[in-house]
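# Report on the structure
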Amino acid sequence: MIDNYDEIIEELKKIVKQKGLKYTEQREIVLSILLHANGHLTAEEIYNQIKKDYPGSNVGIATVYRALNFLEEVDLIASINFGTDSKKYESNTKSHHDHLICTDCGKIVEFVDEEIEKRQEKIAKVNKFKITDHSMQLYGICESCQK
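So, here is what we can say about the structure in this document. (Residues numbered from 1 in each chain as written. Predicted model: local features only at pLDDT ≥ 70, side-chain atom pairs only at ≥ 80, totals over all residues. Heavy atoms only, no water.)

## Concerning the environment of I46
Rules: Going along the chain from the N terminus, every DSSP run of H or I of four or more residues is numbered as a helix, and every run of E of two or more is numbered as a strand.
You can see I46 is positioned in helix α3 (residues 43-53). Residues I46 and G140, 94 residues apart in the sequence, show an inter-C-alpha distance of 25 Å.

Written as structure tokens, this is what we have:
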């Protein structure tokens, strides 16, 4: 279980209320799947997980896409694009990290490199730029696909 699961769900409820929208269980279910995921999931994988974990719920694939768009818009989740309309999603609860993405199999490796982080800050300072957020995604071929 995520340490601050209840806090994140309360944040979702607060955001929905601030936007004058109706709170829906479907959004909470989609967010819950991502909060408990060990990796990055596609909308279809999320939908299949919902069917498995919440068999009585009335959540269709279109609802999953709408929920993902909303959750990303309010910054509770993040996505990684794979070109041609393919995305994988993760919750925004993990500490900052960057991604290596295999363009053959879709494998995603998360990494943190303090030297890269320091270099980005230095580049921003030289250019009198204040970084408020960033995302680094490096695309290539993983070891398994190179064989």
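## Some points on the pattern of salt bridges
Stated formally: In what follows, salt bridge is the name for a side-chain nitrogen of Lys or Arg lying within 4 Å of a carboxyl oxygen of Asp or Glu. When accessible area is computed with a 1.4 Å probe and restricted to protein chains, residues below 20% of their type maximum are described as buried, those above 50% as exposed, and intermediate ones as partly exposed.
All chains considered together, the criterion is met by four salt bridges. Here E11 makes a salt bridge to K14, at a shortest N to O gap of 3.5 Å. Of this pair, E11 and K14 both sit in helix α1 (residues 5-18), separated by three residues, roughly a single helical turn. Assessed through its relative accessible area of 31%, E11 is described here as partly exposed. Here K14 falls in the partly exposed class, since its relative accessible area comes to 43%. E72 serves as the salt-bridge partner of K87, at 3.4 Å between the closest nitrogen and oxygen. Placement of K87 in strand β2 (residues 87-91) and of E72 in helix α4 (residues 61-73) is noted, with a sequence separation of 15 residues between them. Overall, K87 belongs to the partly exposed group, its relative accessible area being 27%. Accessibility expressed as a relative area gives 23% for E72, which makes it partly exposed.

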